[in-house]
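Observations on the three-dimensional arrangement
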Amino acid sequence: QVHLVESGGGLVQPGGSLRLSCAASGSILRIHTMAWYRQAPGNQRELVATISIGGTTNYADSVKGRFTISRDNAEKTVYLQMNSLKPEDTAVYLCNAIIVTYHSPLSGYWGQGTQVTVSS
């Protein structure tokens with residue numbers, strides 16, 4: 001019964017910034033890789049960024065140099081700092097985490113998504 005809750009989405013002008021948060025709750029033993037995906041109308045779901053349990057990060061080419069993923073293990077939270085936003089960044093952003101609980105083996109979990117709209 002793990003829950004991931006995203007926050008921080010909204011409307012921003014091109015060139016602006018947003019910081020997304022995703023907090024995990026439940027009977028969590030250990031959180032492995034955490035990731036941000038996004039999906040825009042008419043597009044496939046796209047992997048935006050990942051961060052491993054050891055802190056290694058990876059980014060999609062489309063966001064490299066503009067977005068930064070980080071995590072706070074004590075707070076069971078992953079963040080996505082988004083700078084220099086472009087209209088093509090408009091999408092629903094979804095949090096994903098690979099988690100071991102006290103009741104289940106290692107499994108993937110999804111948040112409900114948060115809308116990011118970049119428009120003038």
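The structure reproduced in this document is the subject of the present report. This one's a predicted model, so the numbers in the text were calculated from it and none came from an experiment.

**A word on the side chain of Arg66**
Here Arg66 lies in the loop between strand E6 (57–59) and strand E7 (67–72). For Arg66, a relative accessible area of 12% corresponds to the buried category. If we skip the residues at most four places from it in the chain, Arg66 touches Gln81, Met82, Asn83, Ser84, Leu85, Lys86 and Asp89.

**Observations regarding the pairing of strand E1 (residues 3–7)**
Judged by which residues are buried, E1 turns out to be one-sided: Leu4 and Glu6 face inward and are buried, whereas His3, Val5 and Ser7, on the alternate face, are not. As defined by bridge partners, E1 adjoins strand E3 (residues 18–25) across five bridges and the pair is classed as antiparallel. Paired with Val5 across the strands is Ala23, a residue of E3.

**So, the sheet that holds E7**
Strand pairing within a sheet occurs via backbone hydrogen bonds; the two strands may be parallel or antiparallel. One open sheet accounts for four strands, arranged E1-E3-E8-E7; its pairing is antiparallel. Looking at which strands have only one partner, the edges of the open sheet turn out to be E1 and E7. Going across the sheet, the axis of each strand differs from the next one's by a mean of 15 degrees, ignoring polarity.

**Concerning the packing of aromatic side chains**
What characterises a pair of aromatic rings is the spacing of the ring centres plus the angle enclosed by the ring planes. This model, assessed by the stated rule, comprises one aromatic pair. Ring centres of Tyr37 and Trp110 lie 4.9 Å apart, and the angle between their planes is 55 degrees; on these two criteria the pair is classed as tilted. A residue pair is termed long-range when its members are at least 10 positions apart, and Tyr37 in strand E4 (residues 28–39) and Trp110 in strand E10 (residues 107–110) qualify at 73 residues. A residue is classified by how much of its surface remains accessible, and Trp110, at 40% relative accessible area, is partly exposed. The aromatic ring of Tyr79 is capped on one face by Arg19, whose charged end is 4.0 Å from the ring centroid. Here Arg45 stacks its cationic end above the ring of Trp110, 4.8 Å away from the centre of that ring.

**Structural notes on the side chain of Thr50**
Structurally, the position occupied by Thr50 is in strand E5 (residues 46–51). In this structure, Thr50 is in contact with Thr33, Met34, Ala35, Thr56, Thr57, Asn58 and Ile69, ignoring residues within four places of it in sequence.

**Side note on the pattern of salt bridges**
Inspection of the entire model under this criterion finds four salt bridges. Measuring nitrogen to oxygen at the nearest pair gives 2.9 Å for the salt bridge that ties Arg38 to Glu46. Classification of Arg38 as buried rests on a relative accessible area of 7%. By relative accessible area, which is 28% here, Glu46 ends up partly exposed. As a salt-bridge pair, Asp89 and Arg38 come within 3.0 Å of each other at their nearest N and O atoms. Linking Asp89 in the loop between strand E8 (77–82) and strand E9 (91–101) with Arg38 in strand E4, this pair joins segments that are 51 residues apart in sequence. Look at Asp89 and you get buried, because its relative accessible area is 1%. One salt-bridge network, held together by shared partners, links Arg38, Glu46, Arg66 and Asp89.

Procedures and definitions
Residues numbered from 1 in each chain as written. Predicted model: local features only at pLDDT ≥ 70, side-chain atom pairs only at ≥ 80, totals over all residues. Heavy atoms only, no water. Helix = DSSP H or I, 4+ residues; strand = E, 2+ residues; numbered from the N terminus. Buried < 20%, exposed > 50% of the residue type's maximum accessible area, 1.4 Å probe, protein only. Contact = heavy atoms within 4.5 Å. Pairing = 2+ DSSP bridges. Axes fitted to C-alpha atoms, helices over the stretch in contact; angles between N-to-C directions. Phe/Tyr/Trp six-rings, centres within 6.5 Å; stacked < 30°, edge-to-face > 60°. Lys NZ or Arg CZ within 6 Å of the ring centre and 35° of its normal. Salt bridge = Lys/Arg side-chain N within 4 Å of Asp/Glu carboxyl O.

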